[in-house]
There are 2 protein chains.
Amino acid sequence: MPVYTPPARETAFILKKVLNIHQLADVPSFAAVDEDLIDTIIDEAGRFCADIIFPLNAAGDHTGCTRHADGSVSTPAGYPEAYASYVESGWGTLAMPEELGGQGLPHILATVVEEYLNSSCHAFNMYPGLTHGAVAALASTGSDELKELYLPKLVSGEWLGTMALTEAQAGTDLGMIRTRAEPRGDGSFTINGEKIFCSGGEQDLTENIVHLVLAKLPDAPAGSRGISLFLVPKILPDGTRNAATCGAIEHKMGVRGSATCVMNFDDAQGWLLGEENNGLAAMFIMMNAARLSCGNQGLAQAELAYQNAVAYALDRRQGRAMGARPDAAAVADPIIVHPDVRRLLMDARGFTEGFRALILWTALQIDLSHGAADADARRLADELVGFLTPVLKAYGTDRGFETAVAMQQLFGGHGYIAEWGVEQIVRDARVAMLYEGANGVQALDLVGRKLARDGGQVAERFLSMITADCDAADAELRFITAPLAESVAEMREAGKWLISAAKSDPEAMGAGAYAYLQMTGIVAIGWMWLRISMVAHSDAAHPFHAAKLVTARNYALRTLPETLVLRRRVEAGGETLMAIDAEAFRRD
Amino acid sequence: MPVYTPPARETAFILKKVLNIHQLADVPSFAAVDEDLIDTIIDEAGRFCADIIFPLNAAGDHTGCTRHADGSVSTPAGYPEAYASYVESGWGTLAMPEELGGQGLPHILATVVEEYLNSSCHAFNMYPGLTHGAVAALASTGSDELKELYLPKLVSGEWLGTMALTEAQAGTDLGMIRTRAEPRGDGSFTINGEKIFCSGGEQDLTENIVHLVLAKLPDAPAGSRGISLFLVPKILPDGTRNAATCGAIEHKMGVRGSATCVMNFDDAQGWLLGEENNGLAAMFIMMNAARLSCGNQGLAQAELAYQNAVAYALDRRQGRAMGARPDAAAVADPIIVHPDVRRLLMDARGFTEGFRALILWTALQIDLSHGAADADARRLADELVGFLTPVLKAYGTDRGFETAVAMQQLFGGHGYIAEWGVEQIVRDARVAMLYEGANGVQALDLVGRKLARDGGQVAERFLSMITADCDAADAELRFITAPLAESVAEMREAGKWLISAAKSDPEAMGAGAYAYLQMTGIVAIGWMWLRISMVAHSDAAHPFHAAKLVTARNYALRTLPETLVLRRRVEAGGETLMAIDAEAFRRD
């Protein structure tokens, strides 16, 4: 019963009209990117996702994964065949470097494919989803021997990678891990410990699984400065089974087709990646990729929910229109005639279309950070990606979930029933706010590391780019430039307040961090709506463009003003939050 | 693993200090209510819920209900015994009229018990939960014979009542129902049709089930003016089985212990309640009771989620405090030291404590609408209940769900795992936004029926009561009177705008309805925080009172300003919502 159509026209509009990525011939990875290639990838990825992956989504939620007595794990029916097809079609290698066996295309195109995969089946995409980060970490920190042994098969997808970081007592605070690594004397290490929340820690899609495991060396310093990263394969180079086994699968709210494993490392053999006690840096290579992917999951779930809500709103007839009745002879009108239903749908358009532009714009900055001709341009792009990574992760997954909930609302009671599929979307979307650093941690990353550490310089670069676009825009776009400029001013003031608080009152900074992150998300998406409007305005008679301008106006009217309240929340400080004794929070 | 402590101290504070219900001796139902009785009911209801009902919650979610081949339904293990205990303890009869066999106590005390029951096990409370409305509808519309046959056993809880309203094609728009009723000539009717979403339509708790069924008589007018309400018992007065059977149980996102039945009426025998074609009026007697109960479910789920989050935040250690470290020797501090964790908890306190006051204040108005000595006072109380019913239902369930989601967030990845219980709270809380009139419908009820129809008179009475309290409050409470007065002014202006729109542009009214409902919820809870503050301020050195004042300040700083944005949303009108062609909402 659930439906999904890859939003090809939306994607193409952003890539070709807003970002003009076919005109970036001076960036090496874009050399072969012309309009035909863009269309081909959008069409073929869309077809693959709609035909092969989307049919897995509902069934896999129902059956989940099964752990057998020997510790092996069965993924839902159809997953192994679909994964084989994914590997054969080369979707995983699109943006992998050519020297590693990839296709060398820009990251932005892989980001499109990733959205479609996540809309089609978030749980399925968890398996290949972490491999990109594992490849990046291995490529940048592994020895030549390790790279030779593992990279080609990880790149091709013949093997999959995992992140084994979290332990029962150590999540956000990875400095508290207890997993131990002891040198064997042959250059390898013996790993002992238990990891939880390992997505795809065991599965039946690939013969080998490459675990990237955080552990502590003997006499390592306490805390996060004493953790190291190890490569621990399921199958050792000599073909024997390593002692890395799945002890249990978690029962989760959603993404049930993804096997979330408790992994036991019992004298397992592993190899150090990067320097001793510098594992956190290596891990962040994976983690940043995963965080951006989370944002894309928020988009993907919101898009899927939106499409199902639209199909329902056009089909379901209840009540009569307040204005003109589209079908006077019928006993009731489709519920899309009701303003309150439209409100939900228009807000969903404002988020999905604007956030897709932001995700793709950010993906483009990643490509530019590697491939722009000018060193300053590379550095700026890299800084902007760093600044926006926590925002895309947290604001994108929050709003992705909220959009799924709003779309479920439009179904009334039917939204609560499994057969319509929308309750699954809500359950699945929820996870992205929690994993890869819970969203509150993203806000501290944004304000503590990205905003305050450089005195707000990158934030100011970001805001000045928006101001420049506001200044350059046609006067007829004042409907968005005026409120956007207002929100930019609010965000700037909130940022100054936080930078000052960071010096004198860190708790006040922590108290305001989340609201600042939300402001940044609202402003960044508002900026994208300005850029979309600039394109649409040039040919406003076209219905697709006209709809973009309406959606931009709706975003400007209903969403941008939220920055007013958020600034007040930032500047409310931490005093009322911290005043009550911890124990007094309990009820009695 | 989940925990629940009935919040006795919170309840007692509202009843005895804020509402002073033990001083209402001139209202007959309060004659016997003294401080001891209040304490006894709070304590005994709390013990019953904690000991007997709460243990059902997690297990019932896991097993759900089972429909057998003969159409009978098994509720989760322990439900029948717990229900028998509920009946024996008399919790259901607390506020039932003495002449019907009830205890004749005020509705406000039954509302307290209802909160605790819903926190303990929302799914379980679905079974007795609809009976109060069924009793009210039957008592006010049934013939003497029907009342004699059914009321005593419904009041005692020996039998349970259901609402059989919705059909596959008719939910919000009940005028579209197809179930037919034909007179048999003996005063009874033959009922044919299929109803969906009948909570407790079949169960193994009671021998008989009394279905209140909406159906159409032959030659009934089209639409909602042609529906009639019938009483259709599972077991007929002669002891034979009526042809009202469960065809299926829905698979739902949550409240899985509640059997949501498809009910088939195949030449079932029924009796008319009230007048022919006037079923909607009779149904609204039930429905309004159910809507207020939904608000209480929002509170109950938020309270349960809050308590579990507090327990986790005090126990879970990750990272170090930004300020003073409560335990310098430990490797990490409990996460309740972190401002962003506190932010989530303080917002949850602001909602649960303020909304509990609002729910109880409204329950008191129900009691006053029946029992106040003065006719004007009765009428005002009734009008205020009518005005606030959609607000309590929609704003209360929205914020109840959002609070559950926020509390889940505090658990990080563990919040997504079934064993912690918090993901169940989120799934369970979701339903109350959808049933008994989806929340968007509540907003139209508020603005279309309650605000615009009387030109805003009741709304103005409501606002003037708040203004009077602001004026009467001590100057030291300016921290809340000032922002509350600002929000009152915003709400007044938004209301005027909507009343004007209702005349000229109904779609603009529909477009702004939801934001107005949200403003009303924020202001009403803000008012309760003012009233709480007035009590707490009189003895501010007491830690419980001091915590109330901090929470009021936090609400004033962080939540009340939302009305600024909501007024903008109201006044944004409907143009951007209605501009795009319906078919253009589809993706391609």
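Along every chain, residues carry numbers that run from 1 in the direction the sequence is written. Labels follow written order: the first chain is A, the first ligand is 1, and so on. Local features in this predicted model are restricted to residues whose pLDDT is 70 or higher, and side-chain atom pairs enter the listing and the counts only when it is 80 or higher, whereas totals over whole chains, interfaces and linings include all residues. Computation of side-chain values: all heavy atoms of the structure, hydrogens and water removed.

**Section: the environment of Glu115 of chain A**
Residues and elements named next belong to chain A. Tracing the chain through its elements places Glu115 in helix 5 (residues 107-129). Summary of the burial criterion: residues with accessible area below 20% of their type's maximum are buried, those above 50% are exposed, and those between are partly exposed, where the area comes from a 1.4 Å probe applied to protein chains only. Exposure remark for Glu115: the relative accessible area of 3% places this residue in the buried category. If near-sequence neighbours (up to four positions away) are discounted, Glu115 is found in contact with Pro7, Asn296, Leu299, Ala300, Glu303 and Arg356. Each helix is a run of DSSP H or I of at least 4 residues and each strand a run of E of at least 2, with the numbering of both proceeding from the N terminus. Contacts are assigned to residue pairs that have any heavy atoms within 4.5 Å of one another.

**Remarks on the UniProt feature "domain: Acyl-CoA dehydrogenase/oxidase N-terminal" (unreviewed entry) in chain A**
With numbering aligned to this structure, UniProt lists the feature "domain: Acyl-CoA dehydrogenase/oxidase N-terminal" (unreviewed entry) at residues 81-158 of chain A. Helix makes up 72% of residues 81-158 of chain A and strand 0%, with an end-to-end C-alpha separation of 13 Å. UniProt positions are given in the numbering used here, feature names are shortened, and annotations may be inferred rather than shown by experiment.

**Focus: helix 11 (residues 422-430) of chain B**
Taking burial as the measure, the nine residues of helix 11 of chain B include nine buried ones, the bulk of the element. Considered for burial, the residues of helix 11 of chain B that qualify are Val422, Glu423, Gln424, Ile425, Val426, Arg427, Asp428, Ala429 and Arg430 of chain B. Taken together, the buried residues of helix 11 of chain B touch helix 10 (375-410) and helix 11 (422-430) of chain A together with helix 3 (57-63), helix 5 (107-129), helix 8 (279-315) and helix 10 (375-410) of chain B.

**Description of the packing of helix 9 (residues 339-371) of chain B against helix 15 (residues 506-537) of chain B**
Residues and elements named next belong to chain B. Between helix 9 and helix 15, whose axes approach to 8 Å, the crossing angle comes to 90°. With respect to each other, helix 9 and helix 15 are oriented roughly perpendicular. Across the interface between the two elements, Arg349, Gly350, Phe351, Glu353, Gly354, Phe355, Ala357, Leu358 and Trp361 from helix 9 touch Ala524, Ile525, Trp527, Met528, Trp529, Arg531 and Ile532 from helix 15. Axis angles are defined between N-to-C directions and span 0 to 180 degrees, where every axis is a line fitted to C-alpha atoms and, for a helix, only to the segment in contact. When an angle is under 35 degrees it counts as roughly parallel; over 145 it counts as roughly antiparallel; between 65 and 115 it counts as roughly perpendicular; any other value is oblique.

**Remarks on the pattern of salt bridges**
Criterion for a salt bridge: a side-chain nitrogen of Lys or Arg within 4 Å of a carboxyl oxygen of Asp or Glu. Applying the stated criterion across every chain, the model contains 68 salt bridges over all chains. In this structure, the salt-bridge partner of Glu158 of chain A is Lys153 of chain A, at a minimum N-O distance of 3.9 Å. Residue Arg586 of chain B pairs with Glu583 of chain B through a salt bridge whose shortest N-O separation is 2.8 Å. Each of Glu10, Glu115, Glu303, Arg349, Glu353, Arg356 and Lys548 of chain A together with Arg587 of chain B takes part in salt bridges that share partners, so that together they form one network.

**Examining the interface of chain B and chain A**
Taken together, the 107 residues of chain B in the interface contact 107 residues of chain A. Our count for the chain B to chain A interface comes out at 14 salt bridges. In this structure, Asp588 of chain B and Arg9 of chain A form a salt bridge, with 3.4 Å as the shortest nitrogen-oxygen distance. In protein, a polar contact requires one atom able to donate a hydrogen and another able to accept it; more generally it is a pair of N or O atoms within 3.5 Å, and residues adjacent in sequence count only if both atoms are side-chain atoms. Here chain B is connected to chain A by 58 residue pairs in polar contact (both at pLDDT 80 or more). For the side of chain B that touches chain A, the element with the highest residue contribution is helix 9 of chain B, accounting for 10 residues.

**With respect to the packing of helix 14 (residues 478-504) of chain B against helix 16 (residues 543-558) of chain B**
Residue and element names in this part refer to chain B. The geometry of helix 14 relative to helix 16 is characterised by a closest axis approach of 9 Å and an angle of 30° between their N-to-C directions. The angle between helix 14 and helix 16 places the two elements in the roughly parallel class. Like other packed secondary-structure pairs, helix 14 and helix 16 cross with a definite hand, here left-handed. In this structure, helix 14 contributes Phe479, Ile480 and Pro483 to the contact, and helix 16 contributes Leu549, Ala552, Arg553 and Ala556. The classification used treats Ala, Val, Leu, Ile, Met, Phe, Trp, Tyr, Cys and Pro as nonpolar, Asp, Glu, Lys and Arg as charged, and all other residues, Gly among them, as polar. In terms of residue class, the contact of helix 14 with helix 16 is made up of six nonpolar, no polar and one charged. With the far helix as reference, a near helix turned anticlockwise by less than a right angle produces a left-handed crossing, and one turned clockwise produces a right-handed crossing.

**Thoughts on helix 7 (residues 144-156) of chain B**
Residue and element names in this part refer to chain B. Helix span, expected: 1.5 Å multiplied by one less than the number of residues in the helix. Taking 1.5 Å of rise per residue, the 13 residues of helix 7 would be expected to cover 18 Å, and the 18 Å separating its terminal C-alpha atoms lies within 8% of that figure. Each residue is assigned a bend, namely the angle between axes fitted to the seven residues that terminate at it and the seven residues that start at it. Most pronounced at Tyr150, the bend in helix 7 amounts to some 40°, and the proline Pro152 follows within four residues. Taken together, the buried positions of helix 7 are Leu146, Tyr150, Leu151, Leu154 and Val155. Tucked into the core, helix 7 has its buried residues touching helix 6 (131-141), strand 3 (160-164), strand 6 (209-215), strand 7 (228-233) and strand 9 (260-273). The first or second residue beyond helix 7 is Gly157, which carries a positive phi of 90°.

**Structural notes on the pairing of strand 9 (residues 260-273) of chain A**
Residue and element names in this part refer to chain A. Judged by how many residues are buried, strand 9 sits mostly within the fold: 11 of 14 residues are covered. We call two strands paired when DSSP finds no fewer than two bridges between them. As paired elements, strand 5 (residues 189-199) and strand 9 share nine bridges and run antiparallel to each other. Bridging across to strand 9, Glu194 finds its partner in Asn264. When strand 7 (residues 228-233) meets strand 9, the two strands line up antiparallel, connected through three bridges. Residue pairing across strands places Leu231 opposite Trp271, the latter belonging to strand 9. Here five bridges tie strand 8 (residues 244-249) to strand 9, and the two strands are oriented antiparallel to one another. The residue of strand 9 that forms the bridge with Ala244 is Phe265.

**Regarding the UniProt feature "domain: Acyl-CoA dehydrogenase/oxidase C-terminal" (unreviewed entry) in chain A**
Listed under "domain: Acyl-CoA dehydrogenase/oxidase C-terminal" (unreviewed entry) in the UniProt record, and renumbered for this structure, are residues 277-445 of chain A. Within the segment residues 277-445 of chain A, helix and strand shares are 72% and 0% respectively, and the terminal C-alpha atoms sit 21 Å apart.

**Re the packing of aromatic side chains**
In this description, an aromatic ring pair is defined by two values, namely the gap between the centres and the angle between the planes. Any Phe, Tyr or Trp ring, taking Trp's six-membered ring, that has another such ring centre within 6.5 Å forms a pair; planes under 30 degrees apart are called stacked, those over 60 apart edge-to-face, and the others tilted. Counted under the stated rule, the structure contains 33 aromatic pairs over all chains. Here the aromatic rings of Phe48 of chain A and Trp91 of chain A are separated by 6.3 Å at their centres, their planes lie at 40°, and the arrangement is tilted. Here Phe48 of chain A is found in helix 2 (residues 35-53), whereas its partner Trp91 of chain A is found in the loop between helix 4 (79-89) and helix 5, with 43 residues between them in sequence. For the pair shown, Phe48 of chain A and Trp91 of chain A are each scored as buried. Among the aromatic side chains, those forming a connected cluster through ring pairs are Tyr79, Tyr83, Tyr86, Phe124 and Tyr127 of chain A. By definition, being over a ring means that NZ of Lys or CZ of Arg is both within 6 Å of the ring centre and within 35 degrees of the ring normal. Lying across the ring of Phe585 of chain B, Arg349 of chain A places its NZ or CZ 5.1 Å from the centre. Note that Arg430 of chain B overlies the ring of Phe401 of chain B, its terminal NZ or CZ placed 5.5 Å from the centroid.

**Some remarks on unusual backbone geometry**
The residue Val255 of chain A is not glycine, and still its phi comes out positive at about 35°. The exposure class of Val255 of chain A is buried, given its relative accessible area of 2%. Positive phi outside glycine occurs at Glu436 of chain B, with the angle close to 55°. Note on placement: Glu436 of chain B falls in the loop between helix 11 and helix 12 (439-452).

**What about the relation of the copies chain B and chain A?**
Fitting of the copies onto one another was done by least squares over C-alpha atoms, counting residues only where both copies have pLDDT of at least 70. Superposition of chain B onto chain A requires a rotation of 180° combined with a translation of 0.0 Å along the rotation axis, giving an RMSD of 0.0 Å. Overall, the copies show the geometry of a two-fold rotation axis. Across chain B, the smallest distance between a C-alpha and the rotation axis is recorded for Val565 of chain B, namely 3.6 Å. In this assembly, 100% of the residues forming the interface of chain B have copies in chain A that are likewise at the interface, indicating an isologous arrangement.

**A closer look at the pairing of strand 6 (residues 209-215) of chain A**
All names here are of chain A. Burial within strand 6 is extensive, with seven of its seven residues counted as buried. Going residue by residue along strand 6, you find Ile209, His211, Val213 and Ala215 tucked away on one face and Val210, Leu212 and Leu214 tucked away on the opposite face as well. As paired elements, strand 3 (residues 160-164) and strand 6 share five bridges and run parallel to each other. By the bridge assignment, Ala164 is partnered in strand 6 with Val213. Two elements, strand 6 and strand 7, share six bridges in a ladder whose sense is antiparallel. Counted as the bridge partner of Ala215 is Ser228 from strand 7.

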